[in-house]
Amino acid sequence: MIGLLPDRLYRDRRIAWAAFGVLAVLLIALPFLVEAGLGRTWVRILDFAMLYVMLALGLNIVVGFAGLLDLGYVAFYAVGAYFYAILASPQFGLHLPFWVLLPMGAGIACLFGVLLGAPTLRLRGDYLAIVTLGFGEIIRIFLNNLNAPVNVTNGPQGINMIDPVRLGGHALTRPIELFGVQISGPHAHYYLFLGLTLLVIFAAIRLQHSRIGRAWAAIREDEVAAEAMGIHTRNVKLLAFAMGATFGGLGGGLFAAFQGFVSPESFTLMESIMILCMVVLGGMGHIPGVILGAVLLTMLPEALRYVGPLQQELIGRVAVDPADLRMLLFGVALVLVMLFRPQGLWPSPVRARELHPDNPDQVRQEQESLYDAER
Amino acid sequence: MTPSAERDGGGEPLLAARAVTKRFGGLTALSEVSLTVQVGEIVGLIGPNGAGKTTLFNCFTGLYHPSAGTVHLEGRPLAGLKPHAVAALGLARTFQNIRLFANMSVLENVMVGRHVRTRAGVLGAVLRGPRTRAEERSIRERSLDLLDRVGLGGRADQLARHLPYGDQRRLEIARALATEPKLLALDEPAAGMNHTETAALKGLLETIRERGVTLLLIEHDVRLMMDLCDRVAVLDYGRKIADGPPEQVQRDPAVIEAYLGAGAA
Ligand SMILES: Nc1ncnc2c1ncn2[C@@H]1O[C@H](COP(=O)(O)OP(=O)(O)O)[C@@H](O)[C@H]1O
Ligand SMILES: [Mg+2]
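Residues numbered from 1 in each chain as written. Chains lettered and ligands numbered in written order. Predicted model: local features only at pLDDT ≥ 70, side-chain atom pairs only at ≥ 80, totals over all residues. Heavy atoms only, no water.

Turning our attention to unusual backbone geometry. With an omega of 0°, the peptide bond between A:Ala148 and A:Pro149 qualifies as cis. For A:Pro149, the location among the structural elements is in the loop between helix H5 (125-145) and strand S3 (166-167). Phi is positive for B:Ala19, which is not a glycine, with a value near 50°. When you line up the elements, B:Ala19 lands in strand S1 (residues 15-24). (Helix = DSSP H or I, 4+ residues; strand = E, 2+ residues; numbered from the N terminus.)

Shown next, in the form of structure tokens:
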């Protein structure tokens, strides 16, 4: 038994490295494969998928780890985006460097997280959801109206001509030739976003398996017991809020620089709900599931765009407006997933087992404890 | 555990409740209950259902705030403290209606108990430097050690909700011990246990005391209370009607009346 162990470990480790290598090559080649197969538009969609993975992982800290329902998450995204847009655009003629503004924007968003969290986190469940929803709307309305008396946000028109990301003097939006390979703007952004996404994933995993992560889980499971075991629940919840907001602010800065344009319309309640759906649909609290949810829900609406041309081809006219169909199919998909996979598409193994206890020993134990409880 | 027995030889009680009153609207759940617990003692708290035992525990641990009266732990007033602050001062508890972190593993439940005695924050968690790694290792080792002590060593990786009832109660004890309490308050730890389990529990509580943790427990199992406790206090309708050595309390006419109703006394 003991003799076998190192051997197996060694082999497992080699398999893990091999899988890691294949994945790395695949991720590096992905934009080229996608461009060859589906066209340049899809590389942009890929970029957005990465962006949403970051946002969803941030919201997952709040909703999945700590169990706090936040319906105003997009506010932090907006704060990060506008912070960058205002300080790196013709709006005030300021053009501060991206790499300075990005962490600062995340920091400001974090501050907003604390500002919102401090007075509201004593509320539970539905009440917290309503207050955060209100907060998200307030931020959006502010952005809409902060064009007078001093024009800060340029109101509903939004801010245009935002500075792109610069890497050593090179604007990432411009194509560049590296090692004889032509790298377009969307490609370059893909690599930037991929790098940052990997950092965010790394941070999320580390957080989950830490003293803080356990405290979050404890609060999610039983707040009273967590408090009685010495967890300063208000502060630890605030920490979850602040961390989620930080990731949101980071995503916002990237969005503004990538898009070159921000307006309040990008930060509606629908956007918050979309990110929440990514978390819930993928598998709340389970990082791989959340990543899957974000990628799927970014791609799905884009894929449905083809429904229009497809109708044209098949029946000669567009019978159903693809825009209507998108929301309909989206709703149907949500309902189906919640019916058949209530824990999400890719729940954590532990939770999956909860739903399908195939281990008879466990079933028996559970019945036993039920029996004991009834006595 | 901290061997507080030596340090506190002066005779100041570990826990001192003076004239604690707790009202819920018109209902007076506790009226002027005083209780002291000395370092190293095992004190029992008994009384019919609804007498106010759990309410008293809640007043000690910051879950409720007394309407009147004071509670001191090692001479420090607990007035206005939140439960986490009380736990940090060294008073841990278990719950009558088990409150485990159901979807966390047995080990993780105990590891959560270490939270209050450890430091790693967000930055430490993400960077995981040598200090954080050492802390995390010690959390795990101490928690595994505690699981062994309560006899759950083999179940570390199961979900807490999958444990049989008796094991869940012992897990709650391990989780509370992980906070390094000076005083451990147990709310009906033997409820739902069979004879063998109760006997094992008695042994466990004795070893906990030997390691320097003072015990205050609510229990209905009379045999267990008589065997285990140095002193027993009796609550009835929110009043303390007796307090003394078990044999004496057992013969107290007021106690007999409370338990058997008038006429039997
Ligand atoms: N949060 C509360 N709100 C209202 N009444 C309560 C509350 N907690 C306890 N009580 C009441 O206080 C009395 C004592 O309850 P409890 O302390 O649980 O009794 P015991 O633990 O001795 O069985 C009961 O009448 C109970 O209904
Ligand atoms: Mg009770």
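Another aspect to go through is the domain arrangement of chain A. Residue and element names in this part refer to chain A. Domain parsing of chain A yields domain 1 (1-38) and domain 2 (40-304). Opposite the eight residues of domain 1 that make contact, domain 2 presents 10 residues. Taken over both partners, the interface formed by domain 1 and domain 2 buries close to 930 Å², and the fraction arising from carbon and sulfur atoms is 70%. Three residues stand out in domain 1 for area buried against domain 2, namely Pro-31, Phe-32 and Glu-35, and they jointly supply 51% of the buried area on that side. (Domains from an automatic or database assignment. Contact = heavy atoms within 4.5 Å. Buried area = accessible area lost by both parts, 1.4 Å probe.)

Attention now moves to the interface of chain B and chain A. The extent of an interface is frequently quoted as the accessible surface area lost upon association of the parts. At the junction of the two partners, chain B supplies 43 residues and chain A supplies 36 residues. Summed over both sides, the interface between chain B and chain A buries roughly 3600 Å², with carbon and sulfur atoms accounting for 59% of that surface. Broken down residue by residue, the surface that chain B buries against chain A is led by B:His84, B:His115 and B:His162, which jointly contribute 19%. A:Arg214 is paired through a salt bridge with B:Glu136; the nearest N and O atoms lie 2.6 Å apart. The interface formed by chain B and chain A holds 12 residue pairs in polar contact (both at pLDDT 80 or more) in total. Of all the secondary structure elements, the ones that give two or more residues to the side of chain B that touches chain A are helix H3 (83-89), helix H4 (106-113), helix H5 (122-127), helix H6 (130-149) and helix H7 (165-177) of chain B. Here the residues of the side of chain B that touches chain A sort into 22 nonpolar, 10 polar and 11 charged. (Salt bridge = Lys/Arg side-chain N within 4 Å of Asp/Glu carboxyl O. Polar contact = N/O pair within 3.5 Å; in protein donor to acceptor, adjacent residues only side chain to side chain. Nonpolar A, V, L, I, M, F, W, Y, C, P; charged D, E, K, R; others polar.)

In this section: the side chain of B:Arg175. Position of B:Arg175 among the secondary structure elements: in helix H7. Owing to a relative accessible area of 0%, B:Arg175 belongs among the buried residues under this scheme. (Buried < 20%, exposed > 50% of the residue type's maximum accessible area, 1.4 Å probe, protein only.)

We now examine the packing of helix H2 (residues 40-65) of chain A against helix H9 (residues 233-259) of chain A. All names here are of chain A. The interhelical angle for the contact between H2 and H9, taken along N-to-C directions, is 165°, at an axis separation of 6 Å. By the angle between their directions, the pair H2 and H9 is classed as roughly antiparallel. For the element pair H2 and H9, the recorded crossing hand is left-handed. The residues of H9 that touch H2, namely those facing Arg-44, Asp-47, Phe-48, Leu-51, Met-54, Leu-55, Leu-57, Gly-58, Ile-61 and Val-62, are Ala-240, Phe-241, Met-243, Gly-244, Phe-247, Gly-248, Leu-250, Gly-251, Leu-254, Phe-255, Phe-258 and Gln-259. In the contact of H2 with H9, the residues fall into 15 nonpolar, five polar and two charged. (Axes fitted to C-alpha atoms, helices over the stretch in contact; angles between N-to-C directions. Parallel < 35°, antiparallel > 145°, perpendicular 65-115°, else oblique. Left-handed = near helix turned anticlockwise from the far one by under 90°.)

All names here are of chain B. All residues in the neighbourhood of ligand 1 are listed as Phe-24, Leu-27, Ala-29, Pro-48, Asn-49, Gly-50, Ala-51, Gly-52, Lys-53, Thr-54, Thr-55 and Tyr-64. Between ligand 1 and Gly-52, the relevant distance is 2.9 Å, taken from an oxygen atom to a main-chain nitrogen or oxygen of the residue. Take Thr-54: an N or O atom from its side chain is 2.7 Å from an oxygen atom of ligand 1. Secondary structure elements with two or more residues in the shell around ligand 1: strand S2 (27-37) and helix H2 (53-60). Ranked by residues supplied to the shell around ligand 1, first place goes to H2 with three residues. The class makeup of the residues in the shell around ligand 1 is six nonpolar, five polar and one charged. (Near = heavy atom within 4 Å.)

Below, the discussion takes up the coordination of the magnesium ion (ligand 2). Protein-derived coordination of the magnesium ion (ligand 2) comes from B:Thr54 (OG1) and B:Gln96 (OE1), at a distance range of 2.0 to 2.1 Å. Here B:Gln96 lies in the loop between strand S6 (91-93) and H4 and B:Thr54 lies in helix H2, a separation of 42 residues in the sequence. (Donors = N, O, S within 2.8 Å, 3.2 Å for Na, K, Ca; no water.)

Residues and elements named next belong to chain B. Inspection of every chain in the model, using the stated rule, returns 19 salt bridges over all chains. The closest approach of N and O atoms between Glu-74 and Arg-76, which form a salt bridge, is 3.5 Å. On the basis of relative accessible area, Arg-76 is assigned to the partly exposed category, the value being 41%. Through salt bridges with shared partners, a single ionic network connects Glu-41, Arg-231, Lys-240 and Asp-243.

Glancing now at the domain arrangement of chain B. All names here are of chain B. Along its sequence, chain B is carved into domain 1 (1-90 + 181-265) and domain 2 (101-180). The centre of domain 1, based on its C-alpha atoms, is set 26 Å off from the matching centre of domain 2. Of the residues lining the interface, 22 residues belong to domain 1; the matching set on domain 2 comes to 14 residues. Taking both partners together, domain 1 and domain 2 bury about 1500 Å²; carbon and sulfur atoms supply 65% of that area.

Residues and elements named next belong to chain B. Strand order in the open sheet made by the four strands is S2-S1-S4-S5, with antiparallel pairing throughout. Either end of the sheet is taken by a strand with one partner, and the two such strands are S2 and strand S5 (76-77). When S1 meets S2, the two strands line up antiparallel, connected through seven bridges. Across the sheet, residue Ala-16 finds its bridge partner in S2, namely Thr-36. (Pairing = 2+ DSSP bridges.)

It is worth spelling out the environment of A:Leu300 at this point. The topology assignment puts A:Leu300 in helix H11 (residues 287-304). The sequence separation of A:Leu300 and A:Leu329 amounts to 29 residues, and the corresponding C-alpha distance is 9.4 Å.

A word on the nonpolar core. All names here are of chain A. Counting residues in each nonpolar core, the largest one holds 113 residues, and the members touching the most others are Trp-216, Leu-254, Val-262 and Phe-267. If one sorts the elements of this core by residue count, H2 sits on top with 19 residues. Setting aside its immediate chain neighbours within four residues, Leu-254 contacts Leu-51, Met-54, Phe-98, Leu-102, Leu-192, Phe-193 and Leu-196. (Core = buried A, V, L, I, M, F, W, Y, C linked by side-chain atoms within 4.5 Å.)

This paragraph deals with the packing of aromatic side chains. The description of an aromatic ring pair uses the distance of the two centres, along with the angle that the planes make with each other. The tally for this structure, following the rule as stated, stands at 16 aromatic pairs over all chains. Seen from their ring centres, A:Phe255 and A:Phe267 are 6.0 Å apart, and the 80° between their planes marks the pair as edge-to-face. Taken together, the residues A:Phe255 in helix H9 and A:Phe267 in the loop between H9 and helix H10 (269-283) connect sequence positions 12 residues apart. For the pair A:Phe255 and A:Phe267, one class covers both residues: buried. Ring geometry for B:Phe24 versus B:Tyr64: centroids 5.3 Å apart, planes at 75°, classification edge-to-face. Remark: B:Tyr64 occurs in the loop between H2 and strand S4 (68-73) and B:Phe24 occurs in strand S1; sequence separation between them is 40 residues. (Phe/Tyr/Trp six-rings, centres within 6.5 Å; stacked < 30°, edge-to-face > 60°.)

Another point: the sheet that holds strand S9 (residues 231-236) of chain B. Paired through their backbone hydrogen bonds, the strands of a sheet run either parallel or antiparallel. Residues and elements named next belong to chain B. One open sheet holds the six strands; their spatial order is S6-S7-S8-S3-S9-S10, and the pairing between them is mixed. Every interior strand has two partners, whereas the edge strands, S6 and strand S10 (239-244), have only one. When the angles between neighbouring strand axes are averaged without regard to direction, this sheet yields 20°. As paired elements, strand S3 (residues 42-46) and strand S8 (residues 214-218) share four bridges and run parallel to each other. The residue of S8 that forms the bridge with Val-43 is Leu-216. Its contacts with the sheet put helix H11 (residues 253-260) on S3, S9 and S10, and the angle it makes with S10 is roughly 130°.

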